[in-house]
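Take a look at the letters that make up each chain.
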Amino acid sequence: EPEVTQTPSHQVTQMGQEVILRCVPISNHLYFYWYRQILGQKVEFLVSFYNNEISEKSEIFDDQFSVERPDGSNFTLKIRSTKLEDSAMYFCASSISKGVDTQYFGPGTRLTVL
Amino acid sequence: GENVGLHLPTLSVQEGDNSIINCAYSNSASDYFIWYKQESGKGPQFIIDIRSNMDKRQGQRVTVLLNKTVKHLSLQIAATQPGDSAVYFCAENPLSGGYNKLIFGAGTRLAVHP
């Protein structure tokens, strides 16, 4: 069964450093998403992406964040200058279409900012 | 702002019993609702969904009920098994606003005891 994959599973970085989180969505999916989950809290939407551009973003997704689909398979989330409060699980998701369509989630990347 | 919340943070059941997990939502314009299961260290796993034009949908051992009058969503798990132990999130997708993001509730932890 196809699934969303994410790398790395755990990323440790120093405050102020740049990190890139990688995702490979399900191959025939066209819509891609990033969510985050701070430890013990609910999952929060960050950004949705379609046709090589951001279709929606939350207030969390400020200028420190960017997303890119550098090739036909990868979807990345970059945090330019990490802060302590960026420590969280970051989940990538994808769906075939928008609207009434299931978003399938990857296993997540745990980001720890020291 | 709009939010999706859960009545019970934890639910303990005996193996073989039926479980009911509840969720209240406040966005009356939401069109689409999903239940996800999240096991420790993993991403949210799709369980079942329902459109706002339905009030009940059944899957394998799971049933989702939607009461739009009181803006309430529930997940029923029949013959609960130890493998059902996880955190369960309801999520809504306010499609009518042209959005394609999931708004998650706080989560309910289901603990199944032998």
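It should be noted that the structure appears before, not after, this text.
Counting of residues starts from 1 at the beginning of each chain's written sequence and follows it residue by residue. Starting at A for chains and at 1 for ligands, labels are handed out in the order in which the entities are written. In view of the model being predicted, local features appear only for residues whose pLDDT reaches at least 70, and side-chain atom pairs are presented and counted only at 80 or more, with totals across whole chains, interfaces and linings using the full set of residues. Remark: hydrogens and water are excluded; side-chain values derive from all non-hydrogen atoms of the structure.

Novice: Just to check I follow, could you spell out the overall build of chain A for this structure?
Specialist: When you go through chain A residue by residue, the secondary structure sums to zero helices and 11 strands. Comment: elements are numbered from the N terminus, with helices defined as DSSP H or I runs of at least four residues and strands as E runs of at least two. When its helices and strands are written in sequence order, chain A yields β-β-β-β-β-β-β-β-β-β-β. We compute the radius of gyration from the C-alpha atoms alone; for a globule the expected value is 2.2 Å times N to the 0.38, where N is the number of residues. Its C-alpha radius of gyration of 13 Å places chain A within 12% of the 13 Å reference for a compact globule of 114 residues. Across its three principal axes, chain A shows a C-alpha extent of roughly 35 × 30 × 25 Å. With 114 residues in all, chain A has 46% of them scored as buried. When charges are tallied, Lys and Arg are placed among the positive residues and Asp and Glu among the negative ones, while His and the ends of the chain are skipped. A charged residue contributes its charge at one atom only: NZ of Lys, CZ of Arg, CG of Asp or CD of Glu. Charged side chains of chain A number 10 positive and 14 negative; the gap between the two group centres comes to 3 Å. Each residue is placed in one exposure class: buried if its accessible area under a 1.4 Å probe, protein chains only, is under 20% of its type's maximum, exposed if it is over 50%, and partly exposed if it falls in between.

Novice: Would you mind going over the environment of Leu66(B) with me for this structure?
Specialist: Residues and elements named next belong to chain B. Along the chain, leucine 66 turns up in strand 7 (residues 62–67). Measuring from C-alpha to C-alpha, the distance between leucine 66 and lysine 56 comes to 6.2 Å, with 10 residues separating the pair along the chain. When neighbours within four sequence positions are excluded, leucine 66 is seen to be in contact with Tyr25, Phe33, Ile50, Arg51, Ser52, Met54, Asp55, His72 and Leu73. Whether two residues touch is decided by their heavy atoms; if any such pair falls within 4.5 Å, the residues are in contact.

Novice: Help me out: how do you make sense of the packing of aromatic side chains in this one?
Specialist: The geometry of two aromatic rings is summed up by the distance between their centres and the angle between their planes. Whether two aromatic rings pair depends on their centres lying within 6.5 Å, for rings of Phe, Tyr and Trp, where Trp uses its six-membered ring; planes under 30 degrees apart make the pair stacked, over 60 edge-to-face, and the rest tilted. Overall, the coordinates contain 16 aromatic pairs over all chains when judged by the stated rule. Between Phe105(A) and Tyr36(B), the ring centres sit 5.2 Å apart and the planes meet at 80°, which makes this aromatic pair edge-to-face. Taken as a pair, Phe105(A) in strand 10 (residues 104–105) and Tyr36(B) in strand 4 (residues 32–38) lie in two separate chains rather than in one. As far as burial versus exposure is concerned, Phe105(A) and Tyr36(B) are alike and both buried. The rings of Tyr33(A), Tyr35(A), Phe45(A), Phe91(A), Phe105(A), Tyr36(B), Phe46(B), Phe89(B) and Phe104(B) are connected pair by pair, giving a single aromatic cluster.

Novice: Where do I start with unusual backbone geometry in this structure?
Specialist: Outside of glycine, negative phi angles account for most residues, and trans bonds account for most peptide bonds. Following Thr7(A), the chain continues into Pro8(A) via a peptide bond in cis, with omega recorded as -10°. Residue position: Pro8(A) is located in the loop between strand 1 (5–7) and strand 2 (10–13). At Asn51(A), a residue that is not glycine, the phi angle is positive and equals roughly 55°. In this fold, Asn51(A) is placed in the loop between strand 5 (44–50) and strand 6 (53–57). Of note, the phi angle at Lys71(B) is positive, near 55°, even though the residue is not glycine.

Novice: In this structure, what is going on with the side chain of Ser30(B)? I would like to understand it.
Specialist: Structurally, the position occupied by Ser30(B) is in the loop between strand 3 (19–25) and strand 4. Filtering out sequence-adjacent residues up to four positions away, Ser30(B) remains in contact with Ser52(B), Glu92(B), Asn93(B) and Pro94(B).

Novice: Help me understand the environment of Glu44(A) in this model?
Specialist: Relative to the helices and strands, Glu44(A) is located in strand 5. When near neighbours in sequence (up to four residues on either side) are disregarded, Glu44(A) contacts Tyr35(A), Arg36(A), Ile38(A) and Ile60(A).

Novice: It is not clear to me how the state of the cysteines should be interpreted in this structure. Could you clarify?
Specialist: Linking two cysteines covalently via their sulfur atoms produces the bond known as a disulfide. Note on terminology: disulfide denotes any pair of cysteine sulfur atoms within 2.5 Å. Evaluation of the coordinates by the stated rule reveals two disulfides over all chains. Bridging Cys23(A) to Cys92(A), the disulfide has an S-S length of 1.9 Å. With the S-S dihedral at roughly -65°, the linkage between Cys23(A) and Cys92(A) falls on the left-handed side. Note that Cys23(A) is positioned in strand 3 (residues 19–24) and Cys92(A) in strand 9 (residues 88–95), a separation of 69 residues in sequence. Each member of the pair, Cys23(A) as well as Cys92(A), carries the same accessibility label: buried. In this model Cys23(B) forms its disulfide with Cys90(B); the gap between the sulfur atoms is 1.9 Å. Taking the sign of the torsion about the S-S bond as the criterion, the disulfide between Cys23(B) and Cys90(B), at about 55°, is right-handed. Here the residue Cys23(B) occupies a position in strand 3, and Cys90(B) occupies one in strand 9 (residues 86–93), the gap between them amounting to 67 residues.

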